[in-house]
Each structure stands twice: as structure tokens, then as C-alpha cells.
Amino acid sequence: MATIRDVAKLAGLSVATVSRAINGSGYVSEESRQKIEHAVKALDFRPNEVARSLFQKKSKLVGLLLPDISNPFFPLLAKGVEDYLQKKGYQVILGNVQENPERANDYLHAFHQNNVAGVLSAVDNDYAIYDKVHPLVFLDRVGKDSEYSIHADDVSGGAIAATTVLKRKAKEIIVISGPAEIDRSKERLQGVLSVLKQAKSNYKIVNSQSFLLEDAIITAQTVFRQFPQVDTVIAPSDIHAIALIQEAYRRNIKVPDALQVIGYDDIPISNLVVPPLTTIHQPAYEMGYQGAEMLYQLMNDQQVRQKKLILPTRLVERDTLRKKETQ
């Protein structure tokens, strides 16, 4: 494998000059730059993607900002991003924010330092500073000011969840709301409540601070402690729904006979829990794939026909809801 010294020797220049050219850290004449570029190509020298982009005048790196990779929804979204961009010759740098605004801004700074060609972000634009980021496409957690974005139809998804449980002997309903600062969470709740209010159903709301697993566990415990007679829960995510099923098991509450639960997301593990989780499917992989395609078009000055995409949601029926009431 060629080293920077090999490049310097072939180019007839000092190691310091080659280093300045590769790192963009000082003046290098055009003649010397051409010699270095020739040597790099001849030796197939690959210091890193950033250095190579300096010679090609175009970066092949893309930054991907995710709220929390421990939530299986986001790795599925990331897979869609990678599958599309790798076909186009791009590599993805992942930033796992863990719901921390400071980490979000640190990663954006790192993306900038690494000369990324663009950024995909599933972190709300009220949550991080995107002033120097271009081009930029938001995925899932999309703010009202996002110019380019793709997300699921959460109002419809919430309405489907509520409509579904009302057909299955739901009496004491608990609606768990996701974090209020996330627009997708608010729209999901909006869809649920619009149906329940129209049906004049008896329900209570329990707030959850985040979509993190530890918060989902705490929320599940809160539901049973505050509302021991609950017989139906509409959860804001599959993580919350699975935490509820586990807590019900610990309390010897049978699902779905005594407690029925509907989730949201349709993460892969939702089909593996016992009983398998009925949930609302939102297309995480397609969201990532189509978002990456949109970013690719922006990075390559191609026309983006639709700046804001909203993907449909649908019900996935499994075994955590009771049978439908007969008319």
C-alpha cells in the first residue's frame, strides 16, 4: 500500500507539500498540485475520502444524522439510505445523536470538516443548527420550515390506530403521546384524538418524554400504576408497545384478553414478540431510500420534482388486539 512518502517521491516534492495539498492546509502551486494528483492516481494512494475529494473536486461522502440507533426504526431507515447511495458510489458517515442537541451540532461540525457532499437528517430542524449545511434533506422528523423532506402520513396513521381499536371492545383507553417537541409525534396524536373524540370514547393521555427504550419502560410502568383498569393502549411507537407487553407479562395481565395494545412503526422485532404486535406500518426503508435519491439529485444539480414527500401508512394485523365486535 502506497504511503504519502511514496507520493512525494514520485511527484518530486517534499512530504510537507504533499500533506498541505491533501489536507488543504496551506498554499500549493497549481503545477505542484497537478504533480501530486498524477502521483496519487499512479500509486492508487488512498489516504481517506476527504483527501481524494480534494483532487476530484467533488466529495463522495454523505452525512446521516439519526436520533437514536438503538431504536430499530432508524437502522432500517439508514439501510435504505446506504442501499441507494452505495449504488451511486457514495459512502455514508453516521451520526448517532442519542436525542442530545449538543451531539447533533457536534456531528454537523464533523460533517463539515469531512467535506461531505450533503446531509440527510432525521433530527428536527428545531433541534440542531443547520445554517452551513447544504444540500440537506430531512427524513421522518420534519419541521415546518424544511425545504426538502420525506416522512410518513402520521395523521392518517394515528387515525387508523384509533379506528382499529374502537372496533375491538375498547372501554378504558390510554393514549400514550410521544415527545411534544417532535412534529411527527404531535401529528400522530392528532390523528388518534380526532377519531376518539368523534366517537365520544372514554380515554386518558399519558405523556412520554422520548422514544428511547428507557423512557418507554418508565411510561409502561406509569400506565399500569395510574390506570390499573386500562384495557386498551394506543402506543406512539413499537418500542412503547413492546415495553407495555413486557410490563403486562410481569403483572400477569394477559394480552390481548385483558389488555390490548397497538404499536406504531412496524419494526422487524414487532413480529417476534409474544404475542406478535399489531401495529401501524410506516415505510422506514423506503423513506431512507427515497430521501437518499432526493439528496443525490440535489448534490448533482438535478431537478427535484417534488420537494416534500409524504408516504402512506397502513395497519399490520397480528395478535395483540381482541377480535372485532360483531354487528
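Rules used in this analysis
- Residues numbered from 1 in each chain as written.
- Predicted model: local features only at pLDDT ≥ 70, side-chain atom pairs only at ≥ 80, totals over all residues.
- Heavy atoms only, no water.
- Pairing = 2+ DSSP bridges.
- Helix = DSSP H or I, 4+ residues; strand = E, 2+ residues; numbered from the N terminus.
- Axes fitted to C-alpha atoms, helices over the stretch in contact; angles between N-to-C directions.
- Contact = heavy atoms within 4.5 Å.
- Core = buried A, V, L, I, M, F, W, Y, C linked by side-chain atoms within 4.5 Å.
- Buried < 20%, exposed > 50% of the residue type's maximum accessible area, 1.4 Å probe, protein only.
- Domains from an automatic or database assignment.
- Buried area = accessible area lost by both parts, 1.4 Å probe.
- Salt bridge = Lys/Arg side-chain N within 4 Å of Asp/Glu carboxyl O.
- Polar contact = N/O pair within 3.5 Å; in protein donor to acceptor, adjacent residues only side chain to side chain.
- Nonpolar A, V, L, I, M, F, W, Y, C, P; charged D, E, K, R; others polar.
- 1 Å grid on protein atoms, 1.4 Å probe; cavity = no way out; pocket = protein on both sides within 12 Å on 5 of 7 lines; lining within 4 Å.
- Points joined across faces, edges and corners; volume = space filled by probe spheres on them.

Draft legend 1. Fine view of the sheet that holds strand 5 (residues 149-152). One open sheet holds the six strands; their spatial order is 2-1-3-4-5-11, and the pairing between them is parallel. Sheet topology places strand 2 (91-96) and strand 11 (308-311) at the edges, where each strand pairs with a single neighbour. Within this sheet the neighbouring strands show an average axis-to-axis angle of 15 degrees, counted without direction. With four bridges joining them, strand 1 (residues 61-66) and strand 3 (residues 118-121) adopt parallel strand pairing. Of the residues in strand 3, the one forming a bridge with G63 is V119. Contacting strand 1, strand 3, strand 4 (136-139), strand 5 and strand 11, helix 11 (residues 284-299) crosses the sheet at an angle of about 170 degrees to strand 4.

Draft legend 2. Seen up close, the nonpolar core. L85, L120 and L244 are the most contacted members of the largest nonpolar core, which has 53 residues in total. In terms of residue count, helix 11 provides more of this core than any other element does, eight residues in total. Two domains share this core, each providing at least three of its residues, namely domain 2 (61-151 + 285-311) and domain 3 (154-282). The residues contacting L85, other than those within four sequence positions of it, are V62, Y90, V92, L120, A292 and M299.

Draft legend 3. Representation of the domain arrangement of the protein within the structure. Per the domain assignment, the segments making up the protein are domain 1 (4-47), domain 2 (61-151 + 285-311) and domain 3 (154-282). Relative placement of domain 2 and domain 3: their C-alpha centres are 28 Å apart. Of the roughly 1,300 Å² buried where domain 2 meets domain 3, counting both sides, 55% is carbon and sulfur surface. The largest share of the area that domain 2 buries against domain 3 comes from P72, F73 and R141, three residues that together contribute 32% of it. Applying the counting criterion to the domain 2 and domain 3 interface returns zero salt bridges. Inspection of the region where domain 2 meets domain 3 yields two residue pairs in polar contact (both at pLDDT 80 or more). A per-class count over the side of domain 2 that touches domain 3 returns five nonpolar, three polar and six charged.

Draft legend 4. Up close: the pattern of salt bridges. Using the criterion set out here, one finds 14 salt bridges in the structure. Between E37 and K41 there is a salt bridge, with the nearest N and O atoms lying 3.2 Å from each other. In this pair, E37 and K41 are both assigned in helix 3 (residues 30-43), four residues apart and thus about one turn of the helix distant. Between R184 and E187 there is a salt bridge, with the nearest N and O atoms lying 2.4 Å from each other. Of the two residues, R184 and E187 are both situated in helix 8 (residues 183-198); the distance of three residues between them amounts to about one turn of the helix. Through salt bridges with shared partners, one network takes in D154, R184, E187 and R188.

Draft legend 5. Here's a closer look at empty space enclosed by the protein. Scanning the entire structure with this criterion turns up two cavities of 30 Å³ or more. The volume enclosed by the largest cavity comes to roughly 100 Å³. What lines the largest cavity is a set of 13 residues, and nearest its centre among them are F74, D140, R141, R188 and F211. Of all the elements in the fold, those that place two or more residues in the lining of the largest cavity are helix 5 (73-87) and helix 8. Looking at which element gives the most residues to the lining of the largest cavity, the answer is helix 8, with three residues. Residues belonging to the lining of the largest cavity are distributed by class as follows: four nonpolar, four polar and five charged. What the second largest cavity holds in volume is close to 80 Å³. Together, 14 residues line the second largest cavity, and I176, R188, L189, V192 and P236 are the ones closest to its centre. If you list the elements that add at least two residues to the lining of the second largest cavity, you get helix 7 (154-166), strand 6 (173-177) and helix 8. Looking at the lining of the second largest cavity element by element, the count peaks at four residues for helix 8. Classifying every residue of the lining of the second largest cavity by side-chain character gives nine nonpolar, four polar and one charged.

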